[in-house]
Amino acid sequence: MTIDVNGLATDYIDQGQGPVILLLHGWAAPIEAYRRIIDKLSAKYRVLAPQAPGSGKTPEPAAPMTIEDYVSFTAAFCRALEVEECILMGHSNGGRIILSMLAQPEPPVRCKKVVLVDSAGVPPKRPLSYYVKIYSYKLARKLANNRLTGPLFGNLYESMRQKRGSDDYRNASEVMKKTLVNLVNLDLTPLMPNIRQNVLLIWGDRDTATPLRDGKIMEEKLPESGLAVIQNAGHFPFADNWPQFSAVLDAFL
């Protein structure tokens, strides 16, 4: 299905009947990656899953997006489908959007229950080697762009540039690269004590993208939250250990 949201032809799934669950996907993940969750929940709920700008079949935004833009987009999607109350469920970047949305003085939807799956929102803990690489990259870029030193350092800089960043960053267009930069280091922990909804945190014990450390921090910061750890699972615990993931979801809902 497609609906106009803030001028973008937004692809989305609308499946099932009953109370609404709004499912927000992770960075660049197609909503079909959540098919097993959607099929399960749609037996009792109406599941709405929008594809965010610049991912799947939804066109890229005209300019890089901030977290505020993602919240605005989500609110506009809910208005377009006349959703005023729902259960919120977000994976990775989808969780980051939900946290930002619920921390507003007047959230765009009423919500009593929230499910955050390996959510983003805690800034990554960087080793010293990370900052050494950043400094080296910036130095190489400066030398490569200098008229005198450019011929000597141009190839080195190009090699470093191609290896720079995560797979998500390297695979993104320029506008989405800048969007990712706007999001990746956001620290939402100061907002978390203001979120009073009942929050279930589901986390893969082997997640390296948003490690279990992040889930434990969120459990401490969110007043009404509990953490369920999925065994032998990474950043997509519903793909790695569906039986345990499904059971935890059933118990909460």
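Residues numbered from 1 in each chain as written. Predicted model: local features only at pLDDT ≥ 70, side-chain atom pairs only at ≥ 80, totals over all residues. Heavy atoms only, no water.

**Some words on the packing of aromatic side chains**
Overall, the coordinates contain five aromatic pairs when judged by the stated rule. Ring centres 5.5 Å apart and planes at 75° place the aromatic pair Tyr 12 and Phe 77 in the edge-to-face group. Taken together, the residues Tyr 12 in strand β2 (residues 8-15) and Phe 77 in helix α2 (residues 67-80) connect sequence positions 65 residues apart. Like Phe 77, Tyr 12 is buried. Centroid distance Phe 236 to Phe 238: 5.8 Å. Interplanar angle 75°. Geometry classified as edge-to-face. On the accessibility criterion, Phe 238 (6% relative accessible area) is buried. (Phe/Tyr/Trp six-rings, centres within 6.5 Å; stacked < 30°, edge-to-face > 60°. Helix = DSSP H or I, 4+ residues; strand = E, 2+ residues; numbered from the N terminus. Buried < 20%, exposed > 50% of the residue type's maximum accessible area, 1.4 Å probe, protein only.)

**Focus on the pattern of salt bridges**
For the coordinates displayed, the defined rule picks out six salt bridges. One salt bridge connects Asp 39 with Arg 35, and the closest N-O pair in it is separated by 2.9 Å. In this pair, Asp 39 and Arg 35 are both assigned in helix α1 (residues 35-41), four residues apart and thus about one turn of the helix distant. Since its relative accessible area comes to 24%, Arg 35 is described here as partly exposed. For the salt bridge of Asp 214 with Arg 213, the shortest nitrogen-to-oxygen distance reads 2.8 Å. Here the salt bridges share partners, and the residues they tie into one network are Glu 32, Arg 35 and Asp 39. (Salt bridge = Lys/Arg side-chain N within 4 Å of Asp/Glu carboxyl O.)

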